[in-house]
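# Secondary and tertiary structure notes
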Amino acid sequence: MSNIYEEKVTMIAAGDLQEFVPFGRDHCKHHPNALNLQLRQLQPASELWSSDGAAGLVGSLQEVTIHEKQKESWHLRKGISDVGEEVEYDEELYVAGNMVIWSKGSKSQASTVYKAFTVDSPVLQALWCDFIISQDKSEKYDNSNEVEKCICILQSSCINVHSMEGKDYIASLPFQVANVWPTKYGLLFERSSSAHEVPPSPPREPLPTMFSMLHPLDEITPVVCKSGGLFGTSRVQYVADSAMKIVFLNAEPSIIMTYDAIQGLHSLWILRRVKPEEQNVVLKFSEQGGTPQHVATSSSLTAHLRSLSKGDSPVTSPFQNYSSIHSQSRSTSSPSLHSRSPSISNMAALSRSHSPALGVHSFSGVQRFNFSSHNQSPKRQSVSHSPNSTSNDSFLAPEVEPIVPELCIDHLWTEAITTMREKNSPASKVFITSDLCGQKFLCFLVESQLQLRCVKFQESNDKTQLIFGSVTNLQAKDAAPVEKINTMLVLEGNGNLVLYTGLVRVGKVFIPGLPVPSLTMSNTMPRPSTPLDSVSTPKPLSKPLGSLDEVVLLSPVPELRDSSKVHDSPYIDDCTFQQLGSYIHSVRDPVHNRVTLELSNGSMVRITIPEIATSELVKKCLQAVKSILPKEVAVQMLVKWYNVHNAPGGPSYHSEWNLFVTCLMNMMGYNTDRLSWIRNLDFEGSLSPVIAPKKARPSDTGSDEDWEYLLNSEYHQNVESHLLTRALHLNPLEVSLMKEDVLHNLTLDSSTLLFTHIPAIFFVLHLVYEELKLNSLMGEGIRSLVVLLVQLARDLQLEPYLDYYYRDYPTLVKTSRQSCIIDQAQIGLMHHPSFFTPEPPSIYQWLSSCLKGEGASPYPYLSGVCERSKLIVLSVALYILGDERAVSNEASQYLCKVNSAPKKSQVDQNDNRFSFRHSTPVNSLAEKLVLWMTNVGFTLRDLESLPFGVALPIRDAIYHCREQPASDWPEAVCLLIGRQDLSKQACEGNLPKGKSSVAQVLSSDVPSGTEAEEEDDGMNDMNQEVMSLIWSEDLRVQEVRRLLQSAHPVRVNVVQMPEVNDHEYIEEKENRLLQLCQRTMALPLGRGMFTLFSYHPVPTEPLPVPKLNLTGRAPPRNTTVDLNSGNIDVPPNMACWASFHNGVAAGLKIAPASQIDSAWIVYNKPKNAELANEYAGFLMALGLNGHLTKLATLNIHDYLTKGHEMTSIGLLLGVSAAKLGTMDMSITRLLSIHIPALLPPTSTELDVPHNVQVAAVIGIGLVYQGTAHRHTAEVLLAEIGRPPGPEMEYCTDRESYSLAAGLALGMVCLGHGSNLIGMSDLNVPEQLYQYMVGGHRRFQAGMHREKHKSPSYQIKEGDTINVDVTCPGATLALAMIYLKTNNRSIADWLRAPDTMYLLDFVKPEFLLLRTLARCLILWDDILPNSKWVDSNVPQIIRENSISLNDTEIPSSEDLNLETLAQAHVYIIAGACLSLGFRFAGSENLAAFNCLYKFAKDFMKCLSAPTASVTGHYNLETCLSVVLLSLAMVMAGSGNLKVLQLCRFMHKKTGGEMNYGFHLAHHMALGLLFLGGGRYSLSTSNSSIAALLCALYPHFPVHSTDNRYHLQALRHLYVLAAEPRLLVPVDVDTNTPCYALLEVTYKHTVLSSSSFDDTKGTQWYEETTEELMAPTLLPELHLLKQIKVKGPRYWELLIDLSKGIHHLKSILSKDGVLYVKLRAGQLSYKEDPMGWQSLLAQTVTHRNSEARAFKPEAISAFTSDPALLSFAEYFCKPTVNLGQKQEILDLFSSILYECVTQENPEMLPAYIAIDQAVRRLERREMSETFELWQIKLVLEFFSSRSHQERMQKIPSRGLFMNSEFLPVMKCTIDNALDQWLQAGGDVCLHSYLSGQPTEESHLSMLACFLIYHSVPTPGQLSAGGLEGSMSFSELLLKFKQLKMPVRALLRLAPLLLGSPQSMVL
C-alpha cells in the first residue's frame, strides 16, 4: 500500500465550479448614467443596449470583452464584517469608465451592490485602504489606533476618498500618478515619469518618485530611502530613481518590492515610519544646496526648489510659484527642465509646517497647487500654467517650510544578478504565501521566462527584521496563493493546474465540469459500469497501483494543456485534445480558498480548492501531529493526507476519519490491510462508535465472519473479474481466513515517513484525547480515537496507557487484540521525545488531585490544540488552589508545553494575550476567574459543552459573581454570569448616544387618532409610562398639562350687568381677555421646563411648535373674543417675547442625544415673518441643549446679518451657552462685535440694539465662565458703571445692561474669591462695593476714556455713581465671585443696614439682593429653619416692624413704618431664596417645611388689612420669590403641596397680578415638574450662576418689559438642570418597573462645602436610605454607592467611589437601569405587598409539602421557556405510571430546587448524576466518564477551598441540594459493594495480579477502579504490597499511592489474602 504515495501523478478534485462574471459589469450597464458614458467610449458595442436584448448573455459578454478589455478592471477581497467575526463572502471592487462599483456576494448568496460611485473623469484605479486616525503618528501606536476604513478612487488630477462612516475627502494630486498602493500607514503614490525625462544635468536634482499620504487631510510628502553604503554607512535620501518601479506592496509585514529597469533586478524594501533623526538628515541636505557630489544621491527637494531663482524664464520652470530668492541660490537654468513633462506641478506645495526655520516660500490655499494642464502629448514642451503663476512678486512675503518626509524604506534584499539580463522583465504578479507548516515565501512571477521565483523568509527572533533565503525557480505561466489552506496554485506552461505548498508539489488539480472534449487513451477502456459506480469506495486505493505505463486515471478526466508544450511524463501523451477545447489561460482573484480561472476563450470560472480536513476530529489530530513533527516531515505528511483526502470521487464527510486512520497507519509503517479493525472500518457509513449493539456480547466489534461472508459473496466475484481490477493489479484475495496466531506477527515497515515519530505522535494524540474529554459534544470522536490509541499503546508495549484506556472504555478495549511486533532494533530507531511520560497524563486525575489538595505535576499541553485543557487547568489553579498568578503570564508551574523542539521548559510566547487586564482591583478569586475567562474568550456555549463535573468550579464562581457583580464589567462578563440586565446595560453603554434602544423603551406611543382632533399643546411627547410610575396615585401630570397649555383659547367669563350696554360689554370682555393673556403669554416658559429634553425629533420633519393662542371664548354661546377687533387699546408688539419663549419651549423639547445637523436647523426656518421670533427662541434653545455647535458658521453669520433683534439675542445667547466656559476665540469675536466696550476705541460705532448688547455681555460671561480672564473682567467691571453717554440711546434701559455686566463679571470670576490671580490692581471687590453703596465716580482708566468725558444730554447725574443703576449688578457680582467661600469680611459689607437713617438710603428690593448675596457667600451657614431665616433681619426692623401675621398696624412717630415693613419682607424673601439655592434639587424636608410656612405667611399677609402698608406689589414679589425657592428645593419631584400653591396662583388673574408674577408662578410650576420628573437642579457653582440669571427676583411688569432684566435670560435654568432620575427597566419585558434602591451617602463633615442633609438625615456620618425607584437621586457627588436591593430583583451595586462616569452615562441616557426579577418573585406592580410570593418561600425552606406542589405553579417563578417546557414534559404525571412516578417526583423536586435557588443551569447536572447512578445500578456502564464527573462533584464539595468559602458566607451556598449528593454517593457505594460480593472480588483479584478477567465483569471493574482510585497493577507491584501481613502495613504503604481509606478497606481482604470482605 505504501507505494501509492510515491506515484508521480496524484490528483486533487476542486469543488464548486461556477461561471464567474464580475458583478459590477452587469450593474454598470443598468446604471442610469452608464448609457451616455459608455456610448461615448465604445461606439461599436452599441448593440449591447439594443432594445430586444436578443444577443443573449454570451454575445454581450463577447462584445464587452472585445471592446472593454482596457476599460474595465476589478479586484476581490475576503469580506470584512464590522464586528470582526468570520464572514464567508467576497467583496468586489469593479472599475469601468467613470464608475466604481463595490459589491458583496458569495456562491451561496447573490451579489448585491454595497456602494456605487460615479466621478467626473475616468477612474484610473480604485482600492481599499485603511487610514489611521490618531494624534500621535509614531510607530508604536500603530496597533492600538482607531482605523478609518476607506475606499480610494484615483482620477488623473485628484483622488477621492470615501470612508465607511460616510466622510468624503478629495485630495488634489500635484503630479501625475502612475500607481497608488495601499499601505499599513496610508497611501503610497508613484509619480509617473514620462519617457523623455532626461537625467538632469549636474547642478540639478531629480525629483522624488515616491510619495506618501497618511490621511486624506494630510499633505502628500516624498518617501525617503535608507540604503547601506559601501563602507557600512547608511545614507538617507529621497527616492528619486525613475528607473525603480514598485511591483508589489504588502501591509503585514510592511514590505515593498521594486524592479529596477536599468539593472533588471527585483529588490525588497521594508516600509516604515521615518525616524526624527532621518528627517533631519534629509532636511540638512536641503540646507547645503545641491553641491555636485550630492546630486546623484540626495534628491533633496528643497535644494532643488531653491536653485530655481526668479531669474528663470517665466515659461520654463514648472515651479514658477516658488520664486525662491535665497542667498546661496544659483541662477543657472538647466535645459533639462524645458523637456520635463507637463504633468509635474509644484511639489513643494506639499510641505507641512514642521520646521519654519528653513527659508523657502510657501503659500496658502490654491496657490500651493499649480495644476498644469494635463495634456499627455509629449510633443508639447511648453508648460501652461494656472493663472496665479503670473503674480509672482506678490508671494515673496511668506516663508516656506520644507517637505518633511513621513515614510522611509529600508533595503532588505535584492535578487542575484542573472546571466540573461536582457530577458528579465518586471514581475507581473507577486504574493506572499506560507506552507502548511507556516514557513513564509515571497513568490514573484516573471512571465517572460515563465518562472515563478520563490524566496523563503522569516522573522528574526526579536521580531524586528526579516531574513531572506535563496531563490527557487518553479516553471509557471501563472500562479495564485490559496490563503485558507496555506498553498498556492501554479499554472504550468503546459496548462496543468498544480497545487504547491511552499516548494513542495502537492498534486494536480482536477476540475470537474470544464467542457470535456472527446478523450482518447492509448488503451481503450469502457466507461465504468454500474457495479463500480455504486460502490464508490476508495478500496482500489488500498492496493499498489500497477507499473506506470499501464496507469489510467481513476476518473476519466482530460488533462488541460497548451498545445505548444508537451509534458515530459507519458501520462499526458495519452490524452489529446481536439482543437475546440479551451484551456486555462491565467489564474486571478484568489480569495480565501476560491480562485478564478480565465480560460482561453475569454470566459471565466471560479473554483474552490478543498480544505485540508472538514471533520473537527481530523483537524485536531492533524494539528497536533503537525506541531511536534519536524517541518519537512510535517509538510510531507500533510501533502500525502491531502492527496488521499481530496482524490476525485473522494470520501464523504463520514468516512474522513477512517481514511485518516488508514493513511496515518500506513505512514507509520503498518500494513493496514492486515489489521482487522481497520479493514472493518466503514468507509461510507456514519462515524458510528465501534461498539456492539446491546444485545450482542459486549466484546463484539464486528467479527471476521462478516469479512468471510463478503469474500464468498457473488458480488465479490464480479468485482474481481472487473476490468479495472486487472488494470489496477489488485491481487485476488484468498478466502481462507488467517488464524489468530498468524496475525500476531505482523511487523512494521521501519522505512516509512512517520515510523521514527510513533511515540511522539502517540503522545500528542493522547493529549487530543484528553482535550476531547472536556467537550461533551465530541463523544463519538473520542470513541473513534481510542481504538487507534489502544493499537499504538499495545504495539509500543505501554501497559499504563492500556490500563488507562481500559478504565475509560471497558467494553471497547478488549484484553486480547491484534498487536504488531516491533523489534527491539526498530524500537531503537524510534525517537522518544523528552515530553513523553510513562504514566498517561489525565486531565480528570489532575483536577481530582487539585480538589483533594494533593500536589500535581504540571499538565502537558499543546498550544493551539489543547486550549480547553489549558483553560481548565489554569482556572482550577486560580479558583481552587487560590493562586492568583496562575492566570498571569508565568503559568508554567501548572502547564508544561509540548513542542517539536527538544527543550521543554520554554515559556509560551503567546501567553501575553492571556494577561489579565482589568482596570479596577478585583475583590475575590471568583471575580478574577470570571473576568479572566471572558478575556480569553470563554462563553456560555463553551461552558455548556464542558462535562458537568469539570464545569462545577467555574459554575460556582459564576454563581458567586452573579450575586454581587460590579456595575462596570464589560458586556461579555455579564452574559457569562447570566445577568442579562447588566449585559444589556453594558451594551447600551457602548452604543453612541441617540442610537440606544432606551429611547424606544421610554418613548410613549400616543395613538395618532387623538392628536388629530386636539391641537398639539407641545406636551404630547412626554414619557407617559415613566411619569405614571412616578406619580401613580393621582392625575397631577394631566393637571400640569392643563395649567401650562397655551394652544387653546381661554375662557372669558364676564357676566353682563343690566346697566351695561352691548358695546361696553364687548369692551369689558376684551379687557378681561387682555388680563388673561398676560397669563397665557407667561405659560411657555413653564412649559419649556416641563417638557425639557423629552423628544427626539425626526430629521425629515420640522419641529412641531404649538401656536400661542391669544383668543378667548365667552360662554354661554362660546363666541370668540379677539383682541384685534380695535375696541380697546392693545400694547404694540405685545406677544413678541411670548412667541420667543414659545420657540424656546419647543426647542428645549429636543434631547441632547438627538441626531441633528446643520441642515435640519436651517430647514426649520419658518416661511412667514411673524414666526421669526419663535425661530429666534428655537435657536437659543438649540444652544442650551448643545446642538447649536453643529450649525455652520456661514449660517450663523447669515442670521446675524439679517439684523432681526430677537434672532440676534437668541443666537448670541445660544452659541455662548453651547460653548460654556471654553474661551472659544471665534465666539468671542462674534460677541465682541456687539459690545462697543470690547471693540478698539477708534472703530466705527455700530448701531447695535440695546437688548442685543445685553445678550452679548451675558454671552461673554458664559463663554469665559470660571476662567478669571483678566481683560474681560476689567472691561465688564467698567461696564457696570458705564455712564449715560451724550446720545439718547444709553439712557432708557441702563439697568439691565449694568445688571448683565455684573452677572457676566460674576461668571467670569465665579467662585474665585480672593484668589483672583493677577487682578489685585483692579481692586474688584472695592470697586463693586462702591457701585453698590454709591460715592464719587472714579476716573476711568483704559481706552474708553473718551466716551465717558462728555455728559449726558438726558440725565443729570453729576460725578456720583447712580446706585439705582449699578447696585444690583455689583451685588450679584460680589455674590458670585465669593460664592461658597464663607468670606466673612465681604459678607459683612452685604449686611442689611441696622439704623433707620441708613435704611432710608437703600431701596427695599436691593435688600433682597444683598441678603441673598450674603447668604450665598456664607454658604455653609444656611440652615433650613425659620429661626435662621429670621436671624437675617436686623434688630431694628424685627422690633418695630409688622410681623407677617399681625392684623392691626402699630403706630410710631419717629420710624417710617412703610420702609421698615418693606425692608422686612424683602430681607425674608432674600433669605428664603438663598435657602432655595442651598437646597436646590435636594427635596430636603426641613427646607421644604420652612419655605412652605413662609409662603403661607405671605399669602395671609396679602389678604390682611396691613397689606397696604407693605404694598401689594412688594408682597406679590416676595411671594413669587418664596414660591420659586420652594420649587427649586422640590425641583423635579412634582410635590403636591407646591403644585396646589402654584395652581392657586394660576387662578389669580385680576388686580395686581401682572405678566411678571405669572411668569414667576409658572416657572415655579415648571421647575416642580422639570423635564417630566427626569431632571433636577444641581448646586454646582455654574448652576447657581445660571439660576441667578434665570430667577433674578425682579419680574417684568408687562410682556415687553426688559428694563431691569432681559427676559431671554430666564431660560438659562437649563444650564443648572441635570438628569437624576433612575428608571429601573425589567430586562425581560423591557418595560419600566418599580425597584427598591438603597442609597449610601458619603461621610461628610459640616465645615466642608459639599455637605448635605437630604430628607432630614443629619450630615455627620455615612447614612443610607431606601428609595423606591423610579426616583430622583440626590446629587451624585454626595453619594458613595447605589444598590438595587433584593429580594425581588437581583442585587446590583453601582459604586460611586470608583468614579461617577458610569452612573452619569446611565442618567444621561434617560436613566435606564436594567434590572432582572429573581425567580419566584413578582414585580411590585403586580404584587405590591409581596403576599403572592409566599408560595416561593414555602418551597425555599425545604418542608415536607414541597413535593406536593403542582408543576403548573412554576410559571410564578420563572419565565424561561426551557424550564417551562421541562416542567410540562417531565414533571406532569400521566396515566398508569407505576414505578415512573418516583422519577417524576424526583424531577419535580430537582426543578423546584434549581428554580428557587436560582440556578437552573444545574438542572442538567442533577439529571445526569441521577441517570448515571441508575445506569450503574443496572450495571450498564459502557464508559466511565459520568462516574468521573460524579467523583469530581463530590470532591469539589468536600474540597477545602469550598468549605472555607461556605464558612465566610454561609447563606450563599451553592446550589447542589444537601440531601441529594449523600444519597447518590450512598447508592454508588452500595452498587459497587454488591458487585464485589457477587463475584467482583475474584475479578478484582485477577486484575490486581495481572491475569485476564472475565468479560462480563469488565465494565463494573472499571467503574470500581475509577471510583475508588485504585492504582494500576504496575504501581501496586512497585509499591511491594503483596507481602503485607496486616492492615496497618497496608495503610503505611498506601500512603504514597494517595488512595482513600474507604477504597483500601475494600481492597484489603484481597491483598491480605483473606477472602471475606471487611465491608458488607
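## Topic: the overall build of the protein
In terms of helices and strands, the protein carries 68 helices and 48 strands. For the protein, the residues scored as buried account for 56% of the 1960 residues in total. Taking contacts inside the protein between residues at least 6 apart in sequence as the whole, the part at least 24 apart equals 70%. As displayed, the protein has an accessible area near 82900 Å², and 55% of this comes from carbon and sulfur atoms.

## Some points on the pattern of salt bridges
Tallying each qualifying case throughout the model produces 45 salt bridges. Its salt-bridge partner being Asp478, residue Lys429 comes within 3.2 Å of it at the nearest N-O pair. One end of the pair, Lys429, is in strand β21 (residues 429-434); the other, Asp478, is in strand β25 (residues 478-482), and 49 residues separate them in sequence. For Asp478, a relative accessible area of 7% gives the class buried. Salt-bridge contacts for Arg1270 lead to Asp1321; the nearest nitrogen and oxygen are separated by 2.7 Å. Placement of Arg1270 in helix α40 (residues 1270-1280) and of Asp1321 in the loop between α41 (1294-1308) and α42 (1324-1333) is noted, with a sequence separation of 51 residues between them. The exposure class of Arg1270 is partly exposed, given its relative accessible area of 30%.

## Examining the confidence of the model for the protein
Residues at a pLDDT of 70 or more form 72% of the protein, whose mean pLDDT is 76. The low-confidence segment residues 34-70, where pLDDT is below 50, has 34 contacts with residues more than four positions distant or belonging to other chains. This model gives residues 1955-1960 a pLDDT under 50, and the stretch forms 11 contacts once residues within four places in sequence are excluded.

## A word on the packing of helix α21 (residues 843-852) against helix α62 (residues 1825-1838)
Look at α21 against α62: their axes get within 9 Å of each other, and the N-to-C directions meet at 20°. What the angle tells us is that α21 and α62 run roughly parallel. Crossing angle aside, the handedness with which α21 passes α62 is left-handed. The residues of α62 that touch α21, namely those facing Tyr844, Gln845, Leu847, Ser848, Leu851 and Lys852, are Phe1825, Trp1828, Gln1829, Lys1831, Leu1832, Glu1835 and Phe1836.

## Quick look at the pairing of strand β10 (residues 168-172)
By the alternation rule, side chains of β10 split into Tyr169 and Ala171, which are all buried, and Asp168, Ile170 and Ser172, of which none is buried. Bridge count between strand β9 (residues 158-163) and β10: five bridges; the pairing is antiparallel. In the sheet register, Val161 faces β10, and the bridge partner there is Tyr169. Where β9 folds back on β10, the antiparallel hairpin that results is connected by four residues, among which Gly166 adopts a positive phi of roughly 105°.

## A word on the packing of helix α47 (residues 1404-1417) against helix α50 (residues 1457-1478)
In contact at an axis separation of 7 Å, α47 and α50 are set at 35° when each is read in the N-to-C sense. Crossing of α47 over α50 shows right-handed handedness. For the pair α47 and α50, contact is made by Pro1404, Glu1405, Leu1407, Leu1408, Thr1411, Leu1412, Cys1415 and Leu1416 and by Gln1462, Ala1463, Tyr1466, Ile1467, Ala1469, Gly1470, Ala1471, Leu1473, Ser1474 and Phe1477, respectively. Broken down by class, the residue content of the contact of α47 with α50 amounts to 13 nonpolar, four polar and one charged.

## Some remarks on the sheet that holds strand β37 (residues 1112-1114)
Reading across from one edge, β36-β37-β38 is the order of the three strands in this open sheet, with mixed pairing throughout. Only two strands of the sheet have a single partner each, and these edge strands are β36 (1050-1051) and β38 (1119-1121). Here β37 pairs with β38 via three bridges, running antiparallel. In the sheet register, Gly1112 faces β38, and the bridge partner there is Val1121.

## Here we look at unusual backbone geometry
Of the consecutive residues Pro1115 and Pro1116, the connecting peptide bond is found in the cis state with omega at -5°. One can find Pro1116 in the loop between β37 and β38. Going from Ala1669 to Pro1670, the amide bond is cis rather than trans, its omega being 5°. Structurally, Pro1670 is set in the loop between β44 (1664-1669) and β45 (1671-1672). Not every positive phi belongs to a glycine, and Asn1382 is a case in point at roughly 55°. The topology assignment puts Asn1382 in the loop between α44 (1363-1377) and α45 (1384-1389). Under the relative-accessibility criterion, Asn1382 is labelled partly exposed at 27%. Even without a glycine there, the phi angle at Glu1483 is positive, about 55°.

## Re helix α18 (residues 779-795)
Its 17 residues give α18 an end-to-end C-alpha distance of 25 Å, which sits within 8% of 24 Å, the value for a rise of 1.5 Å per residue. Counting buried residues along α18, 15 of its 17 residues qualify, which places the element largely inside the surrounding structure. Where α18 ends, the next residue or the one after it, Gln797, has phi of about 55°, a positive value.

## Some remarks on the nonpolar core
One finds Leu497, Leu754, Phe762, Tyr769, Tyr805 and Leu1947 to be the most contacted residues of the largest nonpolar core, which totals 231 residues. The element contributing the most residues to this core is helix α64 (residues 1860-1888), with 12 residues. Not counting chain neighbours up to four residues away, the residues in contact with Tyr769 comprise Ile782, Leu785, Val786, Leu789, Tyr804, Tyr805, Asp808, Tyr809 and Phe1825. Formed by 220 residues, the second largest nonpolar core is a distinct cluster that contains Leu1407, Ile1437, Met1530 and Tyr1613.

## Concerning the sheet that holds β25
One open sheet holds the five strands; their spatial order is β1-β28-β27-β26-β25, and the pairing between them is mixed. The outermost strands of the open sheet, each flanked by one partner alone, are β1 (11-13) and β25. Each adjacent strand pair in this sheet contributes to an overall mean axis angle of 35°, direction not counted. Alignment of strand β26 (residues 487-491) against strand β27 (residues 497-501), held across four bridges, turns out to be antiparallel. For Val490, the partnering residue across the bridge sits in β27 and is Val498. Seen against the sheet, helix α10 (residues 631-645) touches β1, β27 and β28 (504-510) and runs at an angle of roughly 15° to β28.

## Some points on the packing of aromatic side chains
Aromatic ring pairs are reported here in terms of the distance separating the ring centres and the angle at which the planes meet. Overall, the coordinates contain 41 aromatic pairs when judged by the stated rule. Their ring planes at 45° and their centres at 5.5 Å tell us that Tyr1513 and Phe1557 sit as a pair that is tilted. Here the residue Tyr1513 occupies a position in helix α53 (residues 1512-1529), and Phe1557 occupies one in helix α55 (residues 1555-1568), the gap between them amounting to 44 residues. Between Phe1557 and Phe1595 the ring centres are 6.5 Å apart and the planes differ by 70°, which places this aromatic pair in the edge-to-face class. Of the two residues, Phe1557 is situated in helix α55 and Phe1595 in the loop between α56 (1581-1590) and β40 (1617-1619); the sequence distance between them amounts to 38 residues. Note on Phe1557: relative accessible area 1%, which makes it buried. One aromatic cluster is present, built from ring pairs that chain together Phe762, Phe763, Tyr769, Tyr801, Tyr804, Tyr805, Phe835 and Phe836. Sitting over the face of the ring of Phe1494, Lys1493 holds its NZ or CZ atom 4.1 Å from the ring centroid. Stacked on the ring of Trp1690, the Lys or Arg Arg1718 has its end atom at 4.2 Å from the ring centre.

## Things to note about helix α38 (residues 1225-1232)
Among all positions in α38, only Ile1227, Thr1228, Leu1230, Leu1231 and Ser1232 are buried. Close packing links the buried residues of α38 with α36 (1193-1201), α37 (1205-1218) and α39 (1250-1263).

## Regarding a nonpolar patch on the surface
A cluster of nonpolar side chains, Tyr1397, Leu1398 and Phe1401, forms an exposed patch at the surface whose accessible area comes to about 370 Å². Considering the arrangement of structural elements, one finds Tyr1397 in helix α46 (residues 1396-1399). Judged by its relative accessible area of 57%, Tyr1397 falls in the exposed class.

## Looking at the environment of Ile1377
Summarising the element assignment, Ile1377 is placed in helix α44. According to the relative accessible area criterion, Ile1377 is buried, its value standing at 1%. Measuring from C-alpha to C-alpha, the distance between Ile1377 and Ala1268 comes to 9.6 Å, with 109 residues separating the pair along the chain.

## Comments concerning the pairing of strand β29 (residues 584-591)
By the bridge criterion, five bridges tie β29 to strand β30 (residues 594-599) in an arrangement that is antiparallel. Each residue of the ladder has a partner; that of Arg588, found in β30, is Thr596. Once β29 ends, the chain turns through two residues before running back antiparallel as β30, passing His592 with a positive phi of about 60°.

## Quick notes on the environment of Arg505
Along the chain, Arg505 falls in strand β28. Judged by relative accessible area, Arg505 falls into the partly exposed class, the value being 32%. Residues Arg505 and Val639, 134 residues apart in the sequence, show an inter-C-alpha distance of 8.1 Å. Other than its neighbours up to four places away in sequence, Arg505 contacts Glu492, Val498, Leu499, Tyr500 and Val639. Of note is the side chain of Arg505, whose polar atom sits 3.1 Å from the side chain of Glu492.

Cut-off values and rules
- Residues numbered from 1 in each chain as written.
- Predicted model: local features only at pLDDT ≥ 70, side-chain atom pairs only at ≥ 80, totals over all residues.
- Heavy atoms only, no water.
- Helix = DSSP H or I, 4+ residues; strand = E, 2+ residues; numbered from the N terminus.
- Buried < 20%, exposed > 50% of the residue type's maximum accessible area, 1.4 Å probe, protein only.
- Contact = heavy atoms within 4.5 Å.
- Areas by Shrake-Rupley, 256 points an atom, 1.4 Å probe, with all protein chains shown as cover.
- Salt bridge = Lys/Arg side-chain N within 4 Å of Asp/Glu carboxyl O.
- pLDDT = per-residue confidence, 0-100.
- Axes fitted to C-alpha atoms, helices over the stretch in contact; angles between N-to-C directions.
- Parallel < 35°, antiparallel > 145°, perpendicular 65-115°, else oblique.
- Left-handed = near helix turned anticlockwise from the far one by under 90°.
- Pairing = 2+ DSSP bridges.
- Nonpolar A, V, L, I, M, F, W, Y, C, P; charged D, E, K, R; others polar.
- Expected span 1.5 Å × (residues − 1).
- Core = buried A, V, L, I, M, F, W, Y, C linked by side-chain atoms within 4.5 Å.
- Phe/Tyr/Trp six-rings, centres within 6.5 Å; stacked < 30°, edge-to-face > 60°.
- Lys NZ or Arg CZ within 6 Å of the ring centre and 35° of its normal.
- Patch = residues over 30% accessible without salt bridge, like charges linked within 9 Å, V, L, I, M, F, W, Y side chains within 5 Å.
- Polar contact = N/O pair within 3.5 Å; in protein donor to acceptor, adjacent residues only side chain to side chain.

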